[in-house]
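Listed here are the chains, written in short residue letters.
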Amino acid sequence: QQQVKQSPQSLIVQKGGISIINCAYENTAFDYFPWYQQFPGKGPALLIAIRPDVSEKKEGRFTISFNKSAKQFSLHIMDSQPGDSATYFCAARIETSGSRLTFGEGTQLTVNP
Amino acid sequence: EPEVTQTPSHQVTQMGQEVILRCVPISNHLYFYWYRQILGQKVEFLVSFYNNEISEKSEIFDDQFSVERPDGSNFTLKIRSTKLEDSAMYFCASTRDLYSYEQYFGPGTRLTVT
């Protein structure tokens, strides 16, 4: 019940296209849903995050769509660029004393020029 | 911009040896975490630490692991007797307080156990 399921495992998009990565969860106690971007050999970097009281959040070319009833959320990257090529992880957090993040399996995004 | 730093960037050790991985969290942050990532797999939570004690730990964080904040700036993860399966990237993260959502990750230490 603590799991976060992420798909697809890998994604290839042409420059200028839209990249869409999906995540699903079971535990309704999750209260915070961040997306992290990771380049090879680097740590995950916080990209954008949403709380379940809103259905969408947009920051530049990155948008999170959140469907509370379906327990799903997704990351949309508009006008994808080769520099966006990285691994993207969704995550979820329960506001407990530890506030651990539970990560999805990751999506390796390749944006072709 | 403040950032989490980790040393060393790469540690090679023999099975059975003790290793200490070091982290310097962002200076005004109060919550600290260790995560690990086995090559090609997802990031997994190990332990969270607040006010000089463990807040939460995962099933991975067994008696071989320990954490410490030996001074006002460092946060360490010790693996007492390393196993081959401990080979992974270990990430330190910090957050300002319990009610801050953003966790900031360091660049990681690649641990290779031979």
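Please refer to the structure higher up on the page.
First, a word on scope: everything that follows refers to the structure included in this document. (Residues numbered from 1 in each chain as written. Chains lettered and ligands numbered in written order. Predicted model: local features only at pLDDT ≥ 70, side-chain atom pairs only at ≥ 80, totals over all residues. Heavy atoms only, no water.)

**Describing the interface of chain A and chain B**
Link 1 in the chain: Chain A puts 22 residues into the contact, and the matching count from chain B is 23 residues.
Link 2 in the chain: For the pair chain A and chain B, the summed buried area comes to about 1,900 Å², and 53% of that belongs to carbon and sulfur atoms.
Link 3 in the chain: On inspection of chain A and its partner chain B, the count reaches 1 salt bridge.
Link 4 in the chain: Measuring nitrogen to oxygen at the nearest pair gives 3.1 Å for the salt bridge that ties Glu56 of chain B to Arg100 of chain A. (Contact = heavy atoms within 4.5 Å. Buried area = accessible area lost by both parts, 1.4 Å probe. Salt bridge = Lys/Arg side-chain N within 4 Å of Asp/Glu carboxyl O.)

**Observations concerning the sheet that holds strand E3 (residues 19-25) of chain A**
Residues and elements named next belong to chain A.
Link 1 in the chain: Pairing in this open sheet of 5 strands is antiparallel, and the strands run E1-E3-E8-E7-E6 from one edge to the other. Each end of this open sheet is capped by a strand with a single partner; those strands are strand E1 (4-7) and strand E6 (56-59). Taken pair by pair, the neighbouring strands of this sheet meet at an average axis angle of 15 degrees, ignoring direction.
Link 2 in the chain: Inspection of the sheet shows E3 paired to strand E8 (residues 72-77) by 6 bridges, in the antiparallel sense. By the bridge assignment, Ile21 is partnered in E8 with Leu75. (Pairing = 2+ DSSP bridges. Helix = DSSP H or I, 4+ residues; strand = E, 2+ residues; numbered from the N terminus. Axes fitted to C-alpha atoms, helices over the stretch in contact; angles between N-to-C directions.)

**A look at the pairing of strand E6 (residues 53-57) of chain B**
Residue and element names in this part refer to chain B.
Link 1 in the chain: Sheet topology places strand E5 (residues 44-50) next to E6; 4 bridges connect them, and they run antiparallel. Opposite Val47, over in E6, you have Lys57 as the bridge partner.
Link 2 in the chain: Hairpin remark: E5 followed by E6, antiparallel, with 2 residues in the connecting loop; positive phi at Asn51, about 55 degrees.

**Overview of the environment of Ala45 of chain A**
All names here are of chain A.
Link 1 in the chain: Tracing the chain through its elements places Ala45 in strand E5 (residues 45-50).
Link 2 in the chain: Sequence separation between Ala45 and Gln14 is 31 residues, and the spatial gap between their C-alpha atoms is 23 Å.
Link 3 in the chain: Those residues in contact with Ala45, other than ones at most four positions away along the chain, are Trp35, Tyr36 and Gln37.

**Side note on the state of the cysteines**
A covalent bond between the sulfur atoms of two cysteines is referred to as a disulfide.
Link 1 in the chain: Taken as a whole, this structure holds 2 disulfides over all chains when the rule is applied.
Link 2 in the chain: Residue Cys23 of chain A pairs covalently with Cys90 of chain A via a disulfide, S to S 1.9 Å. Between Cys23 of chain A and Cys90 of chain A, the S-S torsion sits near -95 degrees, and that sign places the bridge as left-handed. Of this pair, Cys23 of chain A sits in strand E3 while Cys90 of chain A sits in strand E9 (residues 86-94); the two residues are 67 residues apart in sequence, bridging distant segments of the chain.
Link 3 in the chain: The exposure class of Cys90 of chain A is buried, given its relative accessible area of 0%.
Link 4 in the chain: One disulfide bridge connects Cys23 of chain B with Cys92 of chain B, the sulfur atoms lying 1.9 Å from each other. Since a negative S-S torsion denotes a left-handed disulfide, the Cys23 of chain B-Cys92 of chain B link at about -60 degrees is left-handed. (Disulfide = S-S within 2.5 Å. Buried < 20%, exposed > 50% of the residue type's maximum accessible area, 1.4 Å probe, protein only.)

**What about the environment of Gly43 of chain A?**
Link 1 in the chain: Locating Gly43 of chain A in the fold gives a position in the loop between strand E4 (30-38) and E5.
Link 2 in the chain: With a relative accessible area of 14%, Gly43 of chain A lands in the buried category.
Link 3 in the chain: If we skip the residues at most four places from it in the chain, Gly43 of chain A touches Gln37 and Gln38 of chain A together with Phe91, Gly106 and Pro107 of chain B.

**Observations regarding the packing of aromatic side chains**
Link 1 in the chain: Per the counting criterion, the structure on display carries 24 aromatic pairs over all chains.
Link 2 in the chain: Centre to centre, the rings of Tyr25 of chain A and Phe66 of chain A are 6.2 Å apart; their planes meet at 20 degrees, and the pair counts as stacked. One end of the pair, Tyr25 of chain A, is in strand E3; the other, Phe66 of chain A, is in strand E7 (residues 62-67), with 41 residues separating them in the sequence. A single burial state applies to Tyr25 of chain A and to Phe66 of chain A, both of which are buried.
Link 3 in the chain: Centroid distance Phe32 of chain B to Phe75 of chain B: 5.4 Å. Interplanar angle 40 degrees. Geometry classified as tilted. Taken as a pair, Phe32 of chain B in strand E4 (residues 31-37) and Phe75 of chain B in strand E8 (residues 75-79) lie far apart in primary sequence, 43 residues in all.
Link 4 in the chain: Through pairs of rings, three or more aromatic residues link up here, namely Tyr36, Phe89 and Phe103 of chain A together with Tyr31, Tyr33, Tyr35, Phe45, Tyr50, Phe91 and Phe105 of chain B. (Phe/Tyr/Trp six-rings, centres within 6.5 Å; stacked < 30°, edge-to-face > 60°.)

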